Amino acid sequence: MQPVLEDDALLFNLGDFIPDDPTEKPAEYSDLEKLRLDLEDVDINAQANDQALAGDRRYFDSYKAAGIHREMIEDRVRTQSYREFIESFADLFKDKTVLDVGCGTGILSLFCARAGAKKVYAVDASPIAVTAEKIIALNNYSGTVEVIQGRVEEDSTRKRIDVSSVDIIISEWMGYGLLFEGMLDSVIKARDLYLKPGGRVFPNYCTLRIAPIANRDWAAEQRGEKFWTDVEGFNFSPMVQLASANHDTEIAVLDVPQEVLAGQSSTFKVLDIEKVTDLEFVGNFELKIADCPTLDSLDAFVIHFDTFFTASTEVCYTT
Ligand SMILES: C[S@@+](CC[C@H](N)C(=O)[O-])C[C@H]1O[C@@H](n2cnc3c(N)ncnc32)[C@H](O)[C@@H]1O
């Protein structure tokens, strides 16, 4: 037999099928074929695993530079909403154990510690965790805030945080279109692992909304139709298709001016972060298109979201 593949794993396993006892019947072809398919599965799984690990590394590395953290901290609506909520409800945090999922520079952990939390676990899988530890020490909160570098759901983190020991989980996990970053999944895992019965997760509600856009010129401009049709006197229009080729897996992040909207937005999903389990959903919505005689087509939809911190029914902040 000539090996077709160099180092074919199948050949290395043939010994399993050649009986030691010559009177015993050798393995059937179907058994060999099953083994080959099993080995193929192992190989495919290993490749998928490698790709997932490389993807993870790229994702967490994207959070290791200062620029992205400055941008987040300078987003005043975002940062001040967390700060106002934590400081206005300091009683809720007083003497509590808090878990900050994806602490970044440690800003939310510091808010919680300053509000009187007894213990804060600040967890981040990005190398930024090393700098967060220095920031925590510099601000004299090392006694309260423990920085853990690792994925919140991985074994090494589980060894450092007791199951069901956390009173409050705080996290800034929201991505483009709310769920695009895919971090809510980790918050849910952390909630189910570490939160005490009756513990709280903040923010605790999010609403996803959708609105119609009717403005052909604006939509064409976003797709780059005008730009690509005349590049230094050349027609580059095939680039338009390229620019929208990934639209089923990617999302365009745009400022949408009020005047291109063709109607009110409609809520198609409310997520209760303290209870949600399934992040694959179909949301129904109805859109009322504004009465406009010149409107001949819809050109796009925009998705946006609100985030709520509701410690009691009367108070909410939105980002
Ligand atoms: C949007 S940033 C928020 C950073 C910080 N909390 C803030 O408000 O400035 C999200 C952070 O979560 C971290 N992260 C994402 N998924 C994680 C996971 N499963 N385990 C630990 N950290 C995670 C990322 O590395 C990133 O630093």
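In case you missed it, the structure is sitting above this.
From a predicted model like this one, the values you see are computed outputs, not experimental measurements. (Residues numbered from 1 in each chain as written. Predicted model: local features only at pLDDT ≥ 70, side-chain atom pairs only at ≥ 80, totals over all residues. Heavy atoms only, no water.)

(A) Representation of the side chain of Arg-78 in the model. By secondary structure assignment, the location of Arg-78 is in helix α4 (residues 76-88). When its relative accessible area of 11% is taken as the criterion, Arg-78 is described as buried. (Helix = DSSP H or I, 4+ residues; strand = E, 2+ residues; numbered from the N terminus. Buried < 20%, exposed > 50% of the residue type's maximum accessible area, 1.4 Å probe, protein only.)

(B) Region of the structure containing the packing of α4 against helix α6 (residues 107-114). At a minimum axis distance of 9 Å, the contact between α4 and α6 shows a crossing angle of 20°. The orientation of α4 relative to α6 falls into the category roughly parallel. Here α4 and α6 pass one another in a crossing that is right-handed. Along the contact surface, α4 presents Thr-79, Tyr-82, Arg-83, Ile-86 and Glu-87, while α6 presents Ile-107, Leu-108, Phe-111, Cys-112 and Arg-114. A breakdown of the residues in the contact of α4 with α6 according to their chemical character gives six nonpolar, one polar and three charged. (Axes fitted to C-alpha atoms, helices over the stretch in contact; angles between N-to-C directions. Parallel < 35°, antiparallel > 145°, perpendicular 65-115°, else oblique. Left-handed = near helix turned anticlockwise from the far one by under 90°. Contact = heavy atoms within 4.5 Å. Nonpolar A, V, L, I, M, F, W, Y, C, P; charged D, E, K, R; others polar.)

(C) Focus on the sheet that holds strand β8 (residues 300-308). Within the open sheet, the three strands sit side by side as β7-β6-β8. Their pairing is antiparallel. Each of the sheet's edge strands pairs with one partner strand only, and the pair in question is β7 (266-272) and β8. Strand-to-strand twist across the sheet, computed as the mean angle between neighbouring axes with direction ignored, equals 20°. Where strand β6 (residues 205-213) meets β7, six bridges bridge the pair, whose relative direction is antiparallel. Residue Leu-208 lies in a different strand from β7, and its bridge partner there is Lys-269. (Pairing = 2+ DSSP bridges.)

(D) Looking closely at the packing of aromatic side chains. Summed over all chains, the structure comprises 10 aromatic pairs. Each residue in the set Tyr-82, Phe-85, Phe-89, Phe-93, Phe-202 and Phe-309 is aromatic and connected to the rest through ring pairs, giving one cluster. It is Lys-269 that lies over the ring of Phe-281; its NZ or CZ is 4.6 Å from the centre. (Phe/Tyr/Trp six-rings, centres within 6.5 Å; stacked < 30°, edge-to-face > 60°. Lys NZ or Arg CZ within 6 Å of the ring centre and 35° of its normal.)

(E) Focus on the nonpolar core. Phe-93, Leu-99, Ile-169, Ile-170 and Trp-173 are the most contacted members of the largest nonpolar core, which has 54 residues in total. Among the elements that line this core, the one with the most residues is helix α9 (residues 184-194), at six residues. Leave out the neighbours within four places in its chain, and Ile-170 touches Tyr-82, Ile-86, Phe-93, Val-98, Leu-99, Asp-100, Val-101, Leu-108, Cys-112 and Phe-202. Ranked by size, the runner-up nonpolar core spans six residues in total, among them Ala-211, Ile-213, Val-260 and Val-302. (Core = buried A, V, L, I, M, F, W, Y, C linked by side-chain atoms within 4.5 Å.)

(F) Region of interest: the site of the ligand. In the neighbourhood of the ligand, 20 residues make up the surrounding shell, with Arg-78, Gly-102, Asp-124, Val-152 and Ser-186 lying closest. Ala-125 is positioned with one of its backbone polar atoms (N or O) 3.3 Å from a nitrogen atom of the ligand. In the model, a nitrogen atom of the ligand is placed 3.0 Å from a nitrogen or oxygen of the Ser-186 side chain. Coverage of the ligand by the protein amounts to 99% of the 600 Å² it exposes when considered alone. (Near = heavy atom within 4 Å. Polar contact = N/O pair within 3.5 Å; in protein donor to acceptor, adjacent residues only side chain to side chain. Areas by Shrake-Rupley, 256 points an atom, 1.4 Å probe, with all protein chains shown as cover.)

(G) Spotlight on the environment of Glu-154. Position of Glu-154 among the secondary structure elements: in the loop between β3 (145-149) and α8 (155-158). For Glu-154, a relative accessible area of 30% puts it in the partly exposed group. Sequence separation between Glu-154 and Ala-125 is 29 residues; the distance between their C-alpha atoms is 9.8 Å.

(H) Fine view of the pattern of salt bridges. Counted according to the given criterion, the structure contains 16 salt bridges. Between Asp-185 and Lys-189 there is a salt bridge, and its shortest N-O distance comes to 3.3 Å. You can see Asp-185 and its partner Lys-189 sitting in helix α9, four residues apart, about one turn around the helix. Using a relative accessible area of 39% as the deciding quantity, one classes Lys-189 as partly exposed. Residue Asp-299 is joined to Arg-216 by a salt bridge in which the shortest nitrogen-to-oxygen separation is 3.9 Å. Of this pair, Asp-299 sits in the loop between β7 and β8 while Arg-216 sits in helix α10 (residues 216-223), placing them 83 residues apart in sequence. (Salt bridge = Lys/Arg side-chain N within 4 Å of Asp/Glu carboxyl O.)

(I) Region of the structure containing the environment of Ala-220. Position of Ala-220 relative to the elements: it lies in helix α10. Owing to a relative accessible area of 15%, Ala-220 belongs among the buried residues under this scheme. A sequence separation of 79 residues divides Ala-220 from Asp-299, and the C-alpha atoms of the two residues are 9.0 Å apart.

(J) Structural detail: unusual backbone geometry. Omega for the bond connecting Phe-202 with Pro-203 falls within 30 degrees of zero, at -5°, which places this linkage in the cis form. By the secondary structure assignment, Pro-203 is in the loop between β5 (195-202) and β6. Positive phi, normally seen in glycine, also occurs at Leu-178, with a value near 70°. Take Leu-178: it is sitting in the loop between β4 (166-171) and α9.

(K) The sheet that holds β5, seen in detail. Sheet architecture is open: five strands sit in the order β3-β2-β1-β4-β5, paired in parallel fashion. Looking at the sheet topology across the chains shown, the edges are occupied by β3 and β5. Averaged over neighbouring strand pairs, the angle between their axes works out to 20° when direction is ignored. Alignment of strand β1 (residues 97-101) against strand β2 (residues 119-124), held across five bridges, turns out to be parallel. Note that in β2 the partner of Thr-97 across the bridge is Lys-119. Sheet strands touched by helix α7 (residues 128-138): β2 and β3. Its angle to β3, the strand with the most contacts, is close to 165°.

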